[in-house]
Amino acid sequence: MMKIDTYAVFGHPITHSKSPRIQQLFAKQTAQVMQYGAQDVPAEIFTTAVGNFFAAGGKGLNCTVPLKELAWQYADHLSDRALLAKAVNTLARQADGSIFGDNTDGIGLLTDLTANHGISLTGANILILGAGGATRGIVPVLLEQQPATVVIANRTVEKALAIADDFAILGPLQGCDYTSLQGRQFDLILNATSASLSGQLPPLPAALLASKGSCYDLAYANQPTAFVQWGIAHHACRSLDGLGMLVEQAAEAFYVWRGIRPETSAVIRLLNDERQLTDNSR
Ligand code: ATR
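Residues numbered from 1 in each chain as written. Predicted model: local features only at pLDDT ≥ 70, side-chain atom pairs only at ≥ 80, totals over all residues. Heavy atoms only, no water.

K.L.:
Lay out the sheet that holds strand E5 (residues 90–93) with the relevant residues and their values.
P.N.:
The strand order across the open sheet built from six strands is E2-E1-E3-E5-E6-E4, with neighbouring strands paired in mixed fashion. Of all the strands in the sheet, just strand E2 (34–40) and strand E4 (77–78) have a single pairing partner and so form its edges. The pairing of strand E1 (residues 5–11) with E2 spans seven bridges and is parallel. Its bridge partner being in E2, Ala 8 is matched across the sheet by Gly 37. (Pairing = 2+ DSSP bridges. Helix = DSSP H or I, 4+ residues; strand = E, 2+ residues; numbered from the N terminus.)

The following block contains the structure:
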């Protein structure tokens with residue numbers, strides 16, 4: 001049996017995950033005695049790996065790509081936001097041994113946009129690029145803020161239409177393909193495709209971003225992603241990547257496990273400083 005409260009992130013690949021560093025910083029800051037590791041877990045061995053982890057006394061897991069849907073199926077019970085998202089990034093073993101599943105991605109994004117960057121979503125025209133698991137995690141939280149509209153554009157239009165259909169009851173939501181964006185403008189464009197990190201972008205009309213609009217890439221990297229660069233080139237008021245969202249979703253997971261909300265701004269600052277050092281050393 002594990003003596004110290006043990007947590008981990010499971011994913012594939014997992015080598016470059018910043019989650020262990022973030023959780024260790026939170027533990028130090030809040031004086032919690034715990035350990036947090038990372039394990040490479042391909043989808044095929046997910047159920048066995050999670051079963052073994054909890055059987056050995058593990059307290060909680062983060063699950064990342066490509067395991068969020070599997071974690072959703074694994075959980076014995078779900079938060080409302082995880083139920084809606086059909087994806088789980090946080091598992092917690094309860095006192096009775098059952099496994100609780102939550103999704104902290106949406107609230108992580110919301111906190112970073114609104115509290116950290118002062119971007120208001122109420123009444124805004126919002127565009128999401130991509131219609132995968134990441135989009136499912138953020139749509140309910142965005143609609144809760146009562147935007148004027150949320151449009152999901154995707155290369156495979158059927159996937160955008162399916163998500164729009166699933167969540168239509170929550171607010172003004174539409175799905176479309178990229179060509180239908182011609183002539184439209186948005187106050188906030190969120191990139192939830194996996195294209196940006198490999199330097200690719202969906203085809204976007206040059207006038208897509210409204211004046212004083214912002215761009216936000218859910219992905220993050222040591223250098224500005226292709227989408228962050230697109231935002232800068234198109235005069236975005238702010239063009240941000242997802243490092244802040246990563247820290248905020250981790251803080252919410254920490255709260256689920258430990259009942260304490262860590263302070264995030266110092267951690268975001270530290271990680272930002274570290275990646276600038278990485279940049280300069282290249
Ligand atoms: P995640 O769980 O991170 O959301 P995913 O479910 O694999 O990952 O979804 C990836 C998204 O990125 C999809 O919307 C995908 O578009 P398709 O549904 O058409 O496949 C989108 N995507 C990936 N590469 C892309 C590219 N080069 N151009 C445009 N969209 C891309």
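K.L.:
Hey, could you go over the pairing of strand E3 (residues 60–63) for me, with residue numbers and the actual values?
P.N.:
Residues Gly 60 and Asn 62 of E3 are buried on one face, and the alternating residues Leu 61 and Cys 63, pointing to the opposite face, are buried as well. Here four bridges tie E1 to E3, and the two strands are oriented parallel to one another. Across the sheet, residue Val 9 finds its bridge partner in E3, namely Asn 62. Examined bridge by bridge, E3 and E5 share three bridges and lie antiparallel to one another. By the bridge assignment, Asn 62 is partnered in E5 with Thr 90. (Buried < 20%, exposed > 50% of the residue type's maximum accessible area, 1.4 Å probe, protein only.)

K.L.:
Go over the pattern of salt bridges, please, and point to the residues and values.
P.N.:
A complete count under the given rule lists nine salt bridges for this structure. Here Arg 21 and Glu 274 are joined by a salt bridge, their closest N and O atoms 2.3 Å apart. A residue pair is termed long-range when its members are at least 10 positions apart, and Arg 21 in helix H1 (residues 19–29) and Glu 274 in helix H10 (residues 265–280) qualify at 253 residues. Residue Arg 21 is classed as partly exposed on the basis of its relative accessible area, which comes to 35%. For Glu 274, a relative accessible area of 28% corresponds to the partly exposed category. The shortest N-O distance in the salt bridge between Asp 166 and Arg 136 comes to 2.8 Å. (Salt bridge = Lys/Arg side-chain N within 4 Å of Asp/Glu carboxyl O.)

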